[in-house]
Every structure is written in C-alpha cells, then in structure tokens.
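Listed below, chain by chain, are the residues.
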Amino acid sequence: MELQIKNLSKTYPNGVKALDNVSLTIPQGMFGLLGPNGAGKSTLMRTIATLQDPDAGSIHLDAIDALHDKMALRRVLGYLPQEFGVYPRVSAEDLLDHMAVVKGVVHRGERRELVQALLEQTNLYSVRKRSISTFSGGMKQRFGIAQALIGQPLLIIVDEPTAGLDPTERNRFYNLLSEIGENIIVILSTHIVDDVRELCRNMAIIDQGRVLFAGQPQAALNELKGRVWEKTIEKAELAAYQQQYQVISSKLLAGQPLIHVLGPDVASAGFRAVEPSLEDVFFSTIQRKAAPAAHV
Ligand code: ADP
C-alpha cells in the first residue's frame, strides 16, 4: 500500500501559497511530516483527508483517486484533526457508539464489541462513562484515535497530536500510535522533532509549502555526519557568531547560549564535534532554504 502525492499546489484567496508543487510517496508505517508553524502541514493534511481541494496535482492511495473519488478515500480514512472543536458533554462510550452508527456499523452487538475494543485499545475503558468534556488533553487525543479507528482505516492522519500533552501523556500516545502504525499508513504532522524521531520510519520536512527533504531520518542524519559543531558562548557574542558561522540553532543551557553550527572543521575556534540530531537536520534544512548560497 502506498500514498502517492504528485505536484500538489494550493494558493489561498489571500495570495498565500500554502502548497507549492508538493510530491511525496508515503509507504506503509508511520510517516512524519515535519515543518515549522505555517509550513503548510494542515493544508496538506486537510487536502489528503478530502476536506479541501488543491489547485493542481493528484493524490492516489493505491488505486483510489482521492481527489476524484472522495467517498472511496473517506471509507478507508481515519482523521484526527488539529482542533476537535467543542467536546460534548456526553460519555466517551456513547459518543463512540454514535460515531460508529454514522460510519455505518448498524448492527448493535457488533457495535458494542467494537466500541469496547476501541476503549480498551486506547486505554479509556475505565473512564468510558465520563463526559469527554472532563478529559485531560492526552485522554482527548486518545479518544480522537479511538474514533479515527472506527471502520478499520487503511490511512490515518493525525495533525499536531502531541501539542499540549505532558510527557507521560505524550509517551502513552506514542505507544498507541506505533501499535496502530504497523499495518497501515499513519501520517503524523508535527512541528515537534521528538515526535518524528521516536516514531517514524520515514519523514519529510516541509517549509513554505515546499518539500525540503523526504526520506529516512537516518539518511538525513548521515548527510550531516561530521558537519555539526557546538560551543557554549556568551549571550553578547551571539550576533557575531551568527555573522561568522552558519548557526543552525541556539538554546540556553544553564543560562548560556549553546550554539550548533554547520560546516567544516572549526575545532580550532573552540567548537566540539557532535553527533547530528534530528533537530540539527530540521534547523539546517529550513535554514538552507532561507539562505541558499551564503553558507554550507
Ligand atoms: P501549518 O499546519 O504547517 O502550520 P497551514 O497549512 O495551517 O500550516 O498554513 C500554511 C499557510 O497558509 C500559512 O501561511 C497560513 O497562514 C495560510 N493559511 C492556512 N489556511 C488558510 C486559509 N483558510 N486562508 C488563507 N490562508 C490560510
């Protein structure tokens, strides 16, 4: 099974080009779509989910032409949107039951079994009678997955699922996703590098509507091998370092900036070589695009 996205473009009426000739091949398993805010991730997710049309391009899930046969795509799709909107004051069990009816599971007994299995799978069985409006962020996200799994989808799309979750909730959510991602396609859109590092066999980085990298996280890491250096500097020195080196990231460590730079051997200037991280990949990729010729 494979999702083939070809030459997808979308310009909103206000002139923002949210997708600029996006082509991606997404195989079975967990696929991470990584990009900063405003990169075009939600636009791409909504387009794949058949909720909005592109200006140009095509999307196929094996033989299904998603843009022309939306109903066929929807039958095999589970979608967990970024915002679920208002959570109703009904119990998790009742709402799942209702959603199963809407998705065509009309037989009562079958539905009861399905709802129970989904509640167990997402670890919500013990709170099934509670109103969803009282759930924590992590519980709401797991409920979102439970509803997305109704109808045994072949493709699941989750848009920014871990934003706002605490570390324990995030871990639990990761485990759930990796379990369901084994046999189907799961696309995880996120601006959080850790989400992709922990879960995804394949990934793409997008920014300003363009695909800047597509492939395996390890391949991206290999490209950077031997080229990432770090140094702790004084705050006042940051601007000067940014002038002289290709600083790909700067974060505070015990109050002092720890910078990562990309480039040839700078050990003589007091830098230490570091093993590249996916965060280095992400920042160096989106910067290369912003300032193509100046560095590297
Ligand atoms: P992301 O999910 O990566 O944050 P989006 O797809 O939401 O990115 O947005 C991509 C770009 O398109 C942004 O510049 C955003 O402001 C713009 N955009 C998104 N939705 C609309 C819309 N309905 N109308 C106009 N511009 C939009």
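All values reported here derive from a predicted model rather than from experimental measurement. (Residues numbered from 1 in each chain as written. Predicted model: local features only at pLDDT ≥ 70, side-chain atom pairs only at ≥ 80, totals over all residues. Heavy atoms only, no water.)

Undergrad: How would you summarise the site of the ligand if you had to cite specific residues and measurements?
TA: Near the ligand lie 13 residues; those nearest to it are G38, G40, K41, S42 and T43. The backbone of K41 places a nitrogen or oxygen atom 2.9 Å from an oxygen atom of the ligand. Within the complex, the protein chains bury 64% of what would otherwise be the 560 Å² of accessible surface of the ligand. Top contributing element to the shell around the ligand by residue count: helix α1 (residues 41-48), with four residues. For the shell around the ligand, the class distribution of residues is five nonpolar, six polar and two charged. (Near = heavy atom within 4 Å. Polar contact = N/O pair within 3.5 Å; in protein donor to acceptor, adjacent residues only side chain to side chain. Areas by Shrake-Rupley, 256 points an atom, 1.4 Å probe, with all protein chains shown as cover. Helix = DSSP H or I, 4+ residues; strand = E, 2+ residues; numbered from the N terminus. Nonpolar A, V, L, I, M, F, W, Y, C, P; charged D, E, K, R; others polar.)

Undergrad: Please set out the layout of surface pockets residue by residue, giving values where relevant.
TA: In this structure, the largest pocket encloses a volume near 300 Å³. In terms of lining residues, the largest pocket is bounded by A49, T50, L51, M71, R74, R75, L77, G78, Y79, K103, I150 and G151. Among the elements of the structure, α2 (70-75) and β6 (77-80) are those that each provide at least two residues to the lining of the largest pocket. (1 Å grid on protein atoms, 1.4 Å probe; cavity = no way out; pocket = protein on both sides within 12 Å on 5 of 7 lines; lining within 4 Å. Points joined across faces, edges and corners; volume = space filled by probe spheres on them.)

Undergrad: Now, about the packing of aromatic side chains: what can you tell me, with residues and values included?
TA: On inspection of all chains with the given rule, the structure shows four aromatic pairs. Here the aromatic rings of Y241 and F271 are separated by 6.0 Å at their centres, their planes lie at 75 degrees, and the arrangement is edge-to-face. Of this pair, Y241 sits in helix α9 (residues 238-244) while F271 sits in the loop between β13 (256-262) and β14 (272-273), and the two are 30 residues apart along the sequence. Each member of the pair, Y241 together with F271, is buried. (Phe/Tyr/Trp six-rings, centres within 6.5 Å; stacked < 30°, edge-to-face > 60°. Buried < 20%, exposed > 50% of the residue type's maximum accessible area, 1.4 Å probe, protein only.)

Undergrad: Got a sec to walk through unusual backbone geometry? Specific residues and values, please.
TA: Positive phi is not limited to glycine here, since T50 has a value of about 65 degrees. Here T50 shows up in the loop between α1 and β4 (56-61). Since its relative accessible area comes to 3%, T50 is described here as buried. In the Ramachandran plot, N123 falls in the positive-phi region, its phi being about 60 degrees despite a non-glycine side chain. Its location among the elements puts N123 in the loop between α4 (108-121) and α5 (137-148).

Undergrad: Describe the sheet that holds β4, and please don't skip the residues or the numbers.
TA: Strand order in the open sheet made by the four strands is β2-β1-β4-β5, with antiparallel pairing throughout. In this open sheet, the two strands that pair with only one neighbour each are β2 (17-27) and β5 (64-65). Sheet topology places strand β1 (residues 2-11) next to β4; five bridges connect them, and they run antiparallel. Considered in β4, the bridge of I5 is made with I59. (Pairing = 2+ DSSP bridges.)

Undergrad: Let's hear about the sheet that holds strand β7 (residues 155-159): which residues, and what values?
TA: Read from one edge to the other, the open sheet built from six strands follows the order β6-β7-β8-β3-β9-β10, with strand pairing classed as mixed. Strands at the two margins of the open sheet, each flanked by one partner only, are β6 and β10 (210-215). Averaged over all neighbouring strand pairs, the angle between strand axes comes to 15 degrees, with direction disregarded. When strand β3 (residues 29-34) meets strand β9 (residues 202-207), the two strands line up parallel, connected through four bridges. Each residue of the ladder has a partner; that of L33, found in β9, is A204. Across the sheet, helix α6 (residues 167-180) touches β3, β6, β7 and β8 (185-190), and the angle it forms with β8 is around 145 degrees. (Axes fitted to C-alpha atoms, helices over the stretch in contact; angles between N-to-C directions. Contact = heavy atoms within 4.5 Å.)

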